[in-house]
Structures are given as C-alpha cells and as structure tokens.
Amino acid sequence: MPAPGTPILSVRDLTVRFGGIVALDGVSFDVSEGQIVGLIGPNGAGKTTLFNCLSRLYTPQRGDISFRDRSLLALPAHRIAELGIGRTFQNLALFPTLTVLQNVMVGVHARTRSDFLSNALRLPWVRREEEETRERARELLAFLDLEVLAAHPAAGLPFGTLKRVELARALASRPALLLVDEPAGGLNHEEVGALAALLRVIRERRGVTILLVEHHMGLVMQISDTVVVLDFGRKIAEGPPARVQRDPEVIRAYLGVDEPAGARR
Amino acid sequence: MTARAGALGLAAALAVALALPFVVSNFRLFQFTQVGVYAIALLGLNVLTGYNGQISLGHGAFYALGAYTTAILIDHWNVPYPLTIIAAGVLCLVAGFLFGIPALRLEGLYLALATFALALAIPQILKYFEHWTGGSQGIVLSKPAPPWGMKASPDQWLYYFTLAVLVILFVLARNLLAGRTGRAIVAIRDNPIAAQAMGVNTALYKSLTFGVSAAYTGVAGALSAIVIAFVAPDAFNVFLSITFLTGVVIGGLASISGAIFGALFIQFVPNWAQDISKAAPWAIYGVFLIGFMYVMPFGIAGALRRVAARAARRGTAARA
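Each value, and the rule that gives it
- Residues numbered from 1 in each chain as written.
- Chains lettered and ligands numbered in written order.
- Predicted model: local features only at pLDDT ≥ 70, side-chain atom pairs only at ≥ 80, totals over all residues.
- Helix = DSSP H or I, 4+ residues; strand = E, 2+ residues; numbered from the N terminus.
- Rg over C-alpha atoms; globule rule 2.2 N^0.38 Å.
- Buried ≥ 20, exposed ≤ 12 C-beta atoms within 10 Å, placed from the backbone.
- Contact = placed C-beta atoms within 7 Å.
- Domains from an automatic or database assignment.
- Nonpolar A, V, L, I, M, F, W, Y, C, P; charged D, E, K, R; others polar.
- Arc of directions from axis to C-beta.
- Pairing = 2+ DSSP bridges.
- Expected span 1.5 Å × (residues − 1).
- pLDDT = per-residue confidence, 0-100.
- Axes fitted to C-alpha atoms, helices over the stretch in contact; angles between N-to-C directions.

## Quick notes on the overall build of chain B
Here is step 1 of the chain: The secondary structure content of chain B amounts to 14 helices and two strands.
Here is step 2 of the chain: In summary, chain B has a C-alpha radius of gyration of 20 Å against a globular reference of 20 Å for 320 residues, a match within 12%.
Here is step 3 of the chain: Viewed in the frame of its principal axes, chain B has a C-alpha envelope of about 70 × 50 × 45 Å.
Here is step 4 of the chain: The burial tally for chain B puts 48% of its 320 residues in the buried class.
Here is step 5 of the chain: A sequence separation of at least 24 residues applies to 77% of the contacts in chain B between residues at least 6 apart.

## Focus: the overall build of chain A
Here is step 1 of the chain: When you go through chain A residue by residue, the secondary structure sums to 10 helices and 10 strands.
Here is step 2 of the chain: The dimensions of chain A, computed from C-alpha atoms along their principal axes, are 65 × 40 × 40 Å.

## Describing the domain arrangement of chain A
The extent of an interface is frequently quoted as the accessible surface area lost upon association of the parts.
Residue and element names in this part refer to chain A.
Here is step 1 of the chain: According to the domain assignment, chain A consists of domain 1 (1–84 + 175–265) and domain 2 (96–172).
Here is step 2 of the chain: Between the C-alpha centres of domain 1 and domain 2 there is a distance of 27 Å.
Here is step 3 of the chain: Taken together, the contacts link eight residues of domain 1 with six residues of domain 2.
Here is step 4 of the chain: When grouped by side-chain class, the residues that make up the side of domain 1 that touches domain 2 number five nonpolar, one polar and two charged.

## What to know about helix α10 (residues 248–255) of chain A
Residue and element names in this part refer to chain A.
Here is step 1 of the chain: For α10, the set of buried residues is Val250, Ile251 and Ala253. Taken around the axis of α10, the buried residues stretch over an arc of 165 degrees, which confines them to a single face. Counted as exposed and oriented over 90 degrees from the buried face of α10: Pro248 and Glu249.
Here is step 2 of the chain: The inward-facing, buried residues of α10 contact β9 (226–231), β10 (234–239) and α9 (241–246).

## What about unusual backbone geometry?
Residues and elements named next belong to chain A.
Here is step 1 of the chain: Not every positive phi belongs to a glycine, and Arg56 is a case in point at roughly 65 degrees.
Here is step 2 of the chain: Within the secondary structure layout, Arg56 lies in the loop between α1 (47–54) and β4 (62–67).
Here is step 3 of the chain: A tally of 20 C-beta atoms within 10 Å means that Arg56 is categorised as buried.

## Some thoughts on the sheet that holds strand β5 (residues 70–71) of chain A
Here is step 1 of the chain: The four strands lie next to each other as β2-β1-β4-β5 (chain A), forming an open sheet whose pairing is antiparallel. Lying at the two open borders of the sheet, with one neighbouring strand each, are β2 (21–32) and β5 of chain A.

## With respect to helix α7 (residues 189–206) of chain A
Residue and element names in this part refer to chain A.
Here is step 1 of the chain: Taking 1.5 Å of rise per residue, 18 residues should cover 26 Å, and α7 covers 25 Å from first to last C-alpha, within 8% of that figure.
Here is step 2 of the chain: Restricting attention to buried positions, one finds in α7 the residues Leu195, Leu199 and Ile202. Seen end-on, α7 carries its buried residues on one side only, within an arc spanning 60 degrees. Every exposed residue of α7 that faces more than 90 degrees away from the buried side is listed here: His189, Glu190, Ala197, Val201, Glu204 and Arg205.
Here is step 3 of the chain: Buried positions along α7 lie against β3 (36–40), β7 (177–181), β8 (209–213) and α8 (217–223).

## Notes on the confidence of the model for chain B
Close reading of the predicted structure is inappropriate where its pLDDT is low.
All names here are of chain B.
Here is step 1 of the chain: Overall, the predicted model of chain B reaches an average pLDDT of 90, with 98% of residues at or above 70.
Here is step 2 of the chain: When mean pLDDT is compared element by element in chain B, helix α8 (residues 180–190) scores highest at 96, while helix α6 (residues 130–133) scores lowest at 80.
Here is step 3 of the chain: Model confidence for the complex: the whole-complex pTM is 0.90, and ipTM, which rates the interface, is 0.89.

## Regarding the interface of chain A and chain B
Here is step 1 of the chain: Across the contact, 32 residues belong to chain A and 23 residues belong to chain B.
Here is step 2 of the chain: Where the side of chain A that touches chain B is concerned, the elements lending two or more residues are α2 (80–83), α3 (100–107), α4 (116–121) and α5 (124–143) of chain A.
Here is step 3 of the chain: By residue class, the composition of the side of chain A that touches chain B is 16 nonpolar, 11 polar and five charged.

## Re the sheet that holds β9 of chain A
Residues and elements named next belong to chain A.
Here is step 1 of the chain: Spatially, the six strands line up as an open sheet ordered β6-β7-β8-β3-β9-β10, and their pairing is mixed. Strand pairing shows two members of the sheet lacking a second neighbour, β6 (85–87) and β10, which therefore form its edges. Strand after strand, the sheet turns through a mean of 15 degrees between neighbouring axes, direction not considered.
Here is step 2 of the chain: By the bridge criterion, three bridges tie β6 to β7 in an arrangement that is parallel.

## A closer look at the pairing of β9 of chain A
Residue and element names in this part refer to chain A.
Here is step 1 of the chain: In this structure, β3 lies alongside β9, joined through four bridges in parallel fashion. What sits directly across from Gly38, in β9, is Val227.
Here is step 2 of the chain: Bridge count for β9 against β10 is five bridges, and the pairing is antiparallel. For Val229, the partnering residue across the bridge sits in β10 and is Ala237.

Here it is, written out as structure tokens:
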C-alpha cells in the first residue's frame, strides 16, 4: 500500500451541466491515502453529482478524475468496483428481493470471475469461489452485526439496518476507497456515535480511505481529517475541520450571516 | 424444513414422472410429453422475465426458430434428431443474444412491444421462405423409433427422451441461478444502477440472459417438432407467445418449479375449459385465469412456498 499522504484520488476542474444548470463548476481537490475526507455543502451543492461522476454514472463535460494515477473517465461504470472504489447510496440502492447475505455476496462480484457457462456446470473451482464468496460475506455480516438477518430479504428491514447492509456490500469488493453518501441520514444521536466509531474502524483496521458526504455536521467535524465545502457547484473551502468551521464563506453559505456553522445539524 | 419439503416434493415428482408411462394411455402420455416441452420453454422465458425483469411477448418466435431448425435439418439432410436439438439451441442462443443487444435500449413495456413485433412477423416469414419451410403446408416428419431395440412405443420413448432433456436443462438452470451469475441477473432486475456499481456488466449480462432464455425456448421448439412430427407456420402465432407468458405468470415468476406448474396449466386447462363448455371454452379459460391470479397472486409456486413456510413455522412453534 502506498505511503499515507499520497493522493489516492484526484479531482481536477470537474464540470457537470444538466441543460442550463451547472451542477459542478470547476471543482478540484485531492483525497490522500488513509484519510477520511468530508464533503459538505447545502442541499443542491453538487455532492451527490460528484459521487455519481466518481462511480461513472455521470460523465463530466470538463475535467478529469484519477484514481491512483489512472483516469476513471476512460472506464465504464461496471469497471470502477474492480479498481478498488466502493460506494453506498444516499437513498439506499439494495436488491430488495435478495436476502441480506445475497446482497453482500453481489458486492463480491467484482472480485470473482465465474461466468454463465462455468456457473451452469458448477465446476469445482466455481464451487470453491462460491464458498469463498459466502465466507467473505458472512465475515462482513459479523463485522456489521447483521448475522441474524443473513437469510432475511432486504425488503422490509429498518432504514438504519439497510444502511449497514449497504456498507457491508460496499466493503465486500475490498475497496481501497469507500464513497459513503449520507450514512447518518435517519439515525438517532446514539447511532450516529456508533457510526463515527465504525467509520474509524473501517479506516484503521481495514486500511480504507473514506470520502464522506454528510449533512450531520457533528459527525463530519468529528471524524474528518479534511473537509471540502461545495456551494452551488463550486468549491468554497477546503481544510481541517476547525478551520473550515470558522471560514466566513462557509458560514455565509450555510446560514446567510452571523451564526456559527456548527449550529446546523 | 422448507428445503427438506422441497427435496421431498422433487423426489415425488420425479417418481411420478418416471412411472407415468405405465399408468396412462398413449394419448395422455403424448400430452404429458407436451407438458415437458412447454416446461422447458417456460423456464427459458422465466429466466428472462421472472429473474432478469425483461418482458418478452415474442418467445413463440424462438420456439418456432428451434422447431424449424430441427424440421429442416431432418427433412433436408437427414441429421440425427438429437443433434438437431443441439443445433436449434445454439442457433437460438446466438439469435437471442443478438436480439438482446438492441433490446438493451428498451425498458418494460417498450421491450414487450418490440418482442411482440417479432411474434407477429414470424408466421409470415416462415411462409415466405417456402423452399426451406414448405410454406403454409409445413414439414411432416416421422416419429423416431426407440433406440437399442427397446420395447417401447414411439410415444413412450419420446416421453422419456423429453424428460431427460428437461432434467438436464433444469439442473443447469438451477446451477446458473444459484451462483454468481444468477445473483447478478436478479440484481439487475432489482436495481440496475447498484448492480453496475457492484461491477456487474449489465449490458452483457442482459444480452446473455436473453440468449440463454431463447436457447431454452428454442430447444423446447425443437423437441415439439420431433414429438408432434409436424411443423406449420400458423402453429407459431402471437397466441403461442402470450400463452407462454401466461404460463410463466400462473406458474410463478422467478421460480424454477413454476415452469412445470405453468406448463401443466397451459396444456390441460384449455382442454378442461373445452369439456365444460363447447360453445365458449375461452370464456371458461378466462375465468380459470382470473381465479388463479386472484387466489395465487404469486403463481402456483409462490402459493406452495407460502404453504410450506407456514407449515415450517407451525412445526417450530409446536416444538418450542
């Protein structure tokens, strides 16, 4: 693994327009290996658009994204996971009819290679691969306290639980970089505390770099090494949490005037 | 508990299937051979529509392609019939895969309409290539005799032959759907964007699924040509395609055993309807259809699953 401090992800001059609306306007920043980077901004600032560019669901009109010195823009969306980028979705994107275990097993897809023919014939190496896939998924269910729900369909589980299933599924591909979109949405105070601890463990014990989009300021300021602030598609601030919190431009973007940014949840 | 019930059900079904030629008349047996043929076609359509979420109203076209491949190979070149089945499967695999590529741009009802166009066109296309297909007259074949000097009637032999093909294809489909590929196929249906983010090449998987689905239906068509010993264009009309979709839904979407239940339904319920009312059999059939959907909204397989799950719960409750 490269030394901490080298950029694992570089976003350069990224611009995305939807018709006449500029969703991202020349955004540039780096994410360093081993860091937790918080990406914040008021609603509509372009955070999720940026995530969707990183997972190649959108193609930017201008700019470049490189991951470990390789441009992502040359690759289709389904090749991103195998490079080592995992993600979760803001409004949940699970497979409702599959069980919790199967959902996480789909996450291993990018790391396995059996195909239609070898699956239909159930060749010995396919059986082994399937066993390893199941093993890996079970390990992640244990890590995220989801073991009892393994055989439960994803449909019908509480929102907070499904967020953890998504996290398990994203980790299943052994990502080097994890994109987490609003993990604290819908969680209560205690759960947010547990989430902060969990994200730290994922970084420290699994060596995963994390890019976090989040509205919960307490969480972002508590765990981020660096915070990037977007407003109307432009980057208005970047730096350590304490400095960003005092930045007058950030305070203005969030609150209009006067009040400190930390007052907003 | 439900797994054991499933295994028991499977063993019982196989035992009944093996014993059937000794207890029913040749005509009834011919009908059950048809059930086996339909079951293969329905399984193919179910992989596409039930598991992958692509609706096809045109699988009759692949059934026809398979049937005519077999009929032409036997009629023109005397190719041994088991080989023609393989040829029909491969040809439909390629045709389905190729059709699946433009189909990627069509979702839901639009795809249904595009496949419907295929079903509409096929009888006329078959008539047009008269030199090969025999035009409206079709092609008459002869039923193959049992091999190895077996003392069985041709109908009995064809029944076992169809049963063997069915068992092989069902095992392959079960393997396919239970593994990495099957999870990806269902993931695409449930949430294509998330499937892509997990590394699933959704375009390739959808086209390949279309190909596999068409191959199953093509093999079924090839078998039907051998079993009936006759092909004619008007047997492969739009109604056949709709009957297949009916069978898949009634049997149970995204269920392997549902293909068997659906095949029993499309083979026997029209006959019962005929027995009940000679004047308006399709009205009776319609009543059956609505009744089934009302009582078993998840198909026959879905209803059985629910009964088994309830029995299992009661079992654990009684022991506790």
